[in-house]
Amino acid sequence: MVNVIGLGYIGLPTALMMASHGVEVIGTDYNADLVATLNAGRTTFKEEGLEELFAKAVEAGIRFTTEYQVCDTYIVSVPTPYDKVDKKIDPGYVVAACKTVLQVAPENAVLVVESTISPGTIDRFVRSLLVEAGREDVALVHAPERIIPGNMVSELLRNNRTIGADDPKVGERVAKLYASFCQGEIAITDIRTAEMTKVVENTFRAVNIAFANELAKVCRVGDMDVHEVIRIANKHPRVNILQPGPGVGGHCIPVDPWFLVGDYPETASFVRLALQTNASMPEYVLHRAHEAMAEYGITDPAKVGIYGLTYKEDVDDVRESPTLQMLEAQAEHLGGAAMKVYDPWVEVDVVPNQVHSMDEFLDGLEMVIVMVGHSQVKGKPEVFGDCILIDPRNVMGDDANVWKL
Ligand code: SAJ
């Protein structure tokens, strides 16, 4: 039996996937409301294919509880926030979960950490817990996830995976468990390498996006179309530049690379610069909007609205979103003008001046900054009526009233 600890964006789909592929699974989360919601038959976030997977897993007998279980394998999938000041990982949730596992785990149980952690976290923070608890019989494994929000269910099935273990035999055993549903290749390595590969994968993406963002700025100065430049450069068989945009959000790409910078501040200077470039984008968009306002003689910021609050298109997750970063920059440097904000994917109030319908949003607006290309608006500039559009993601077409990055 497998006890999945932490039923968030990664733990829940993982637990559901295993359960619907014949593994006996119990999901545990310390949040009683979340557990109650799941037990009432409702999922806790929107994701393509999640509801169907949930129904299958429930039919297969998955259970949800706040209690840790006695079982042979534990999968810890709890958040790993980072300290915004010193840029280091905060392993508090992982440590707390592992400690509780060690109190209930039977002899020779396997403790798998799925949460993203910086290289060396297991050595520094988890291994000592086994010694302190007199539980060195428990086998440690790190099995980082790779699924992309927006396509999680499909990627969970198809992506290759990494299993890091001290003992290759334990690695094989855990690989077999994941192979119950995973159709990709499963690489078995040591724990530190597994930790590093996860952070490296997200850092690669952050650096690539930073390159695209820098190109956008260069092309603006040099009066070139960055999208056309990247489109054509990518025709080269060995070039694959990602897309520039209003900034980089989510809980992974803008966060994980800091683990390298935080732990290796002298050495990881190139990564630091990439992160700074990405972090400069929300304010860059704001300056672009101000240029457009000046061009069209719009002086009242209340006539400018922000479409999109989530960190990317067609998800409901607002963590570290470029819009939130932009509003922060605006409050700090530009006096916090009261722009209206609307996102059809976000039903709860996250920021002041947030409205909950397109009609209410467009009422009185002359300009819209399209921060997220949700499918409701992608390729459909007409939904914004006559408004001038600031389009940092290049999703609004080439009309004269569309301002690119
Ligand atoms: N973005 C750009 N330009 C691009 C692509 C993305 O500006 O060309 C922006 C997005 O708009 C968003 C941010 O980057 O604000 C991050 O979005 P994303 O779609 O690149 O990635 P995430 O954070 O949703 O998921 C990433 C994935 N990592 C990689 O592709 C290497 C996913 O596979 C990981 O599982 C996930 O991080 C994670 O949990 O670590």
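Residues numbered from 1 in each chain as written. Predicted model: local features only at pLDDT ≥ 70, side-chain atom pairs only at ≥ 80, totals over all residues. Heavy atoms only, no water.

## Looking at the packing of helix α10 (residues 256-263) against helix α11 (residues 269-296)
Now for step 1: Viewed as axis vectors pointing N to C, α10 and α11 meet at an angle of 135°, and their least axial separation amounts to 9 Å. If you check the angle between α10 and α11, you find them oblique. Crossing handedness for the pair α10 and α11: left-handed. Together, P257, W258 and V261 of α10 and V271, R272 and L275 of α11 make up the contact between the two elements. (Axes fitted to C-alpha atoms, helices over the stretch in contact; angles between N-to-C directions. Helix = DSSP H or I, 4+ residues; strand = E, 2+ residues; numbered from the N terminus. Parallel < 35°, antiparallel > 145°, perpendicular 65-115°, else oblique. Left-handed = near helix turned anticlockwise from the far one by under 90°. Contact = heavy atoms within 4.5 Å.)

## Description of the domain arrangement of the protein chain
Now for step 1: Partitioning the protein chain into structural domains gives domain 1 (2-189) and domain 2 (244-404).
Now for step 2: Each of domain 1 and domain 2 was reduced to a C-alpha centroid, and the two centroids are 33 Å apart.
Now for step 3: Tallying the contact residues gives 19 residues for domain 1 and 18 residues for domain 2.
Now for step 4: Roughly 1600 Å² of surface becomes buried between domain 1 and domain 2 when both sides are summed, with 56% attributable to carbon and sulfur atoms. (Domains from an automatic or database assignment. Buried area = accessible area lost by both parts, 1.4 Å probe.)

## Remarks on the sheet that holds strand β5 (residues 110-113)
Now for step 1: Read from one edge of the open sheet, 8 strands run β3-β2-β1-β4-β5-β6-β7-β8, paired in mixed fashion. The open sheet has two free edges, formed respectively by β3 (63-65) and β8 (186-189), since each of these has just one partner strand. Neighbouring strand axes in the sheet, compared pairwise and without regard to direction, differ in orientation by 20° on average.
Now for step 2: On top of the sheet, helix α5 (residues 121-132) reaches β5 and β6 (139-142); it is set at about 155° to β6, its chief contact.
Now for step 3: Helix-sheet contacts for helix α7 (residues 168-178) involve β1 (2-5), β4 (73-76), β5, β6, β7 (161-165) and β8, and the interaxial angle to β7 is about 150°. (Pairing = 2+ DSSP bridges.)

## Points about the site of the ligand
Now for step 1: In the neighbourhood of the ligand, 20 residues make up the surrounding shell, with E145, K198, R205, Y311 and R393 lying closest.
Now for step 2: Within the backbone of I147, an N or O atom sits 2.8 Å from an oxygen atom of the ligand.
Now for step 3: Between an oxygen atom of the ligand and a side-chain N or O atom of R393, the distance comes to 2.6 Å.
Now for step 4: In the complex, the protein chains occlude 88% of the 770 Å² of accessible area that the ligand would expose alone.
Now for step 5: Residue composition of the shell around the ligand, by class: 9 nonpolar, 4 polar and 7 charged.
Now for step 6: Lining the shell around the ligand are residues from two domains, each supplying at least three of them: domain 1 (2-189) and domain 2 (244-404). (Near = heavy atom within 4 Å. Polar contact = N/O pair within 3.5 Å; in protein donor to acceptor, adjacent residues only side chain to side chain. Areas by Shrake-Rupley, 256 points an atom, 1.4 Å probe, with all protein chains shown as cover. Nonpolar A, V, L, I, M, F, W, Y, C, P; charged D, E, K, R; others polar.)

## Some details on the environment of E132
Now for step 1: Relative to the helices and strands, E132 resides in helix α5.
Now for step 2: Under the relative-accessibility criterion, E132 is labelled exposed at 63%.
Now for step 3: As a C-alpha pair, E132 and K99 span 33 residues in sequence and 9.7 Å in three-dimensional space. (Buried < 20%, exposed > 50% of the residue type's maximum accessible area, 1.4 Å probe, protein only.)

## Comments concerning unusual backbone geometry
Now for step 1: Of note in the backbone geometry, N108 takes a positive phi value of approximately 60° without being a glycine.
Now for step 2: Inspection of the secondary structure assignment puts N108 in the loop between α4 (92-104) and β5.
Now for step 3: The phi torsion at N394 lies on the positive side, around 60°, for a residue other than glycine.
Now for step 4: Accessibility expressed as a relative area gives 29% for N394, which makes it partly exposed.

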